[in-house]
Amino acid sequence: VGFYLDFTEYLTNVIKLATNAIGKNVSNIKLVMNEAYERNLHKNTAFKSKRFMVVKEKSDSIYLSEAEISEMEHLDLSGNIKLDRVRDLFIIGCFTGLRYSDYSNFNQSHIKDDMIEIIQTKTGAPVVIPLHPTVSRIMDKYSGNLPRSISNQKTNEYLKDLGKMLPSLAETVSKSMTKGGKRITVTYKKWEQLTTHTARRSFATNMYLMDIPAYTIMAITGHKTEQSFKKYIKLNEKAHAKVMKLHWDKASRLKAVN
């Protein structure tokens, strides 16, 4: 525990990392220590203490609305094959909810009766997803396949180049975080926050806004509890109001029928 306090103080006050970055470093240490413990390479169990905790705070990550995804989909990229492929793969992620490691690699062999059936790379768990018409259109564009993928890191770079081209992503957004032990707010253009994981977050949030039951969406995203799922989706005040109105309208329709 003494090491934990010294290490986190170093990361906070010297390196001045954000809270979630500190948590990631601690999580990696616990992972390595546990693996070594399981292999009988040491007997130190301090890393299992509740005081050796992984700190975490809510992230202000973005998602793309249906309108923003549509704007991206209809962008003319005929003169830029590189961005065209990156765009198409990203949109597939927006309509499957898969991680990049999965949505960049599935193919026709994973499609059965208009369903995508795939074993997730990260968790090893199976998932079944209905084949969205948009995904079918993109696969038809590539003769039944997916566009050739590149590294996650390079894709994130190209996504920002793509985002610059979309007027709706020129919107200014604020991101709050604790860094170096102080709460700060940084302002970005929305396109600057665009990554491959934005696709998965967009899927979860947009499906929730469509009033699809959280439990159904979780069966695809792999979230174990509704609490963790609700933290994952990204809604502003207006979006929360829209969700409430959807439920009120649904309740009114049911009351009228009865």
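See the structure shown above.
Remember, predicted model here, so these are calculated numbers, not experimental data.

Cut-off values and rules
Residues numbered from 1 in each chain as written. Predicted model: local features only at pLDDT ≥ 70, side-chain atom pairs only at ≥ 80, totals over all residues. Heavy atoms only, no water. Salt bridge = Lys/Arg side-chain N within 4 Å of Asp/Glu carboxyl O. Helix = DSSP H or I, 4+ residues; strand = E, 2+ residues; numbered from the N terminus. Buried < 20%, exposed > 50% of the residue type's maximum accessible area, 1.4 Å probe, protein only. Pairing = 2+ DSSP bridges. Axes fitted to C-alpha atoms, helices over the stretch in contact; angles between N-to-C directions. Parallel < 35°, antiparallel > 145°, perpendicular 65-115°, else oblique. Left-handed = near helix turned anticlockwise from the far one by under 90°. Contact = heavy atoms within 4.5 Å. Nonpolar A, V, L, I, M, F, W, Y, C, P; charged D, E, K, R; others polar. Phe/Tyr/Trp six-rings, centres within 6.5 Å; stacked < 30°, edge-to-face > 60°. Lys NZ or Arg CZ within 6 Å of the ring centre and 35° of its normal.

## Things to note about the pattern of salt bridges
Going through the model one piece at a time under the given rule, you end up with nine salt bridges. Across the pair Lys-141 and Asp-88 runs a salt bridge whose closest N-O atoms are separated by 2.8 Å. With Lys-141 in helix 6 (residues 133-141) and Asp-88 in helix 4 (residues 81-94), the pair connects residues that are 53 residues apart, well separated along the chain. One continuous salt-bridge network, built from bridges that share partners, spans Asp-84, Arg-87, Asp-88 and Lys-141.

## A word on the pairing of strand 2 (residues 115-119)
Look at any regular strand and the pattern is simple: side chains alternate between the two faces of the sheet. Alternating positions in strand 2 separate cleanly, Ile-116 and Ile-118 being buried on one face and Met-115, Glu-117 and Ile-119 remaining unburied on the opposite face. Across two bridges, strand 1 (residues 111-112) lies against strand 2 in antiparallel orientation. Bridging from a neighbouring strand, Lys-112 pairs with Met-115 of strand 2. Hairpin connection between strand 1 and strand 2: a loop of two residues separates the two successive antiparallel strands, and Asp-113 in this loop has a positive phi of roughly 55 degrees. Note that strand 2 and strand 3 (residues 126-130) share five bridges and pair antiparallel. Opposite Ile-116, over in strand 3, you have Ile-129 as the bridge partner. Connecting strand 2 to the antiparallel partner strand 3 that follows it, the hairpin turn spans six residues, and Gly-124 within it adopts a positive phi of roughly 75 degrees.

## Focus on the packing of helix 3 (residues 66-73) against helix 4
Close contact between helix 3 and helix 4 brings their axes to 10 Å; oriented N to C, the two are set at 155 degrees. One finds that helix 3 runs roughly antiparallel with respect to helix 4. Seen along the crossing, helix 3 lies across helix 4 with a hand that is left-handed. Along the contact surface, helix 3 presents Ile-69, Met-72 and Glu-73, while helix 4 presents Arg-87, Phe-90, Ile-91 and Cys-94.

## Brief notes about unusual backbone geometry
Despite not being glycine, Asn-40 shows a phi value in the positive range, around 60 degrees. Of note, Asn-40 is situated in the loop between helix 2 (19-38) and helix 3. Accessibility expressed as a relative area gives 57% for Asn-40, which makes it exposed.

## Remarks on the packing of helix 8 (residues 196-209) against helix 9 (residues 214-221)
Contact geometry of helix 8 with helix 9 gives a least axis separation of 10 Å together with a crossing angle of 165 degrees. Relative to helix 9, the element helix 8 is oriented roughly antiparallel. As helix 8 runs across helix 9, the sense of the crossing is right-handed. Contacts from Arg-200, Phe-203, Ala-204, Met-207 and Tyr-208 in helix 8 reach Ile-217, Ile-220 and Thr-221 in helix 9. Tallied by class, residues from the contact of helix 8 with helix 9 come to six nonpolar, one polar and one charged.

## Digging into the packing of aromatic side chains
Tallied over the entire structure, the rule returns five aromatic pairs. Relative to Phe-47, the ring of Tyr-37 lies with its centre 6.3 Å away and its plane at 65 degrees, an arrangement referred to as edge-to-face. Of this pair, Tyr-37 sits in helix 2 while Phe-47 sits in the loop between helix 2 and helix 3, and the two are ten residues apart along the sequence. The residue whose ring lies beneath Lys-190 is Tyr-63, and the NZ or CZ to ring-centre distance is 5.9 Å.

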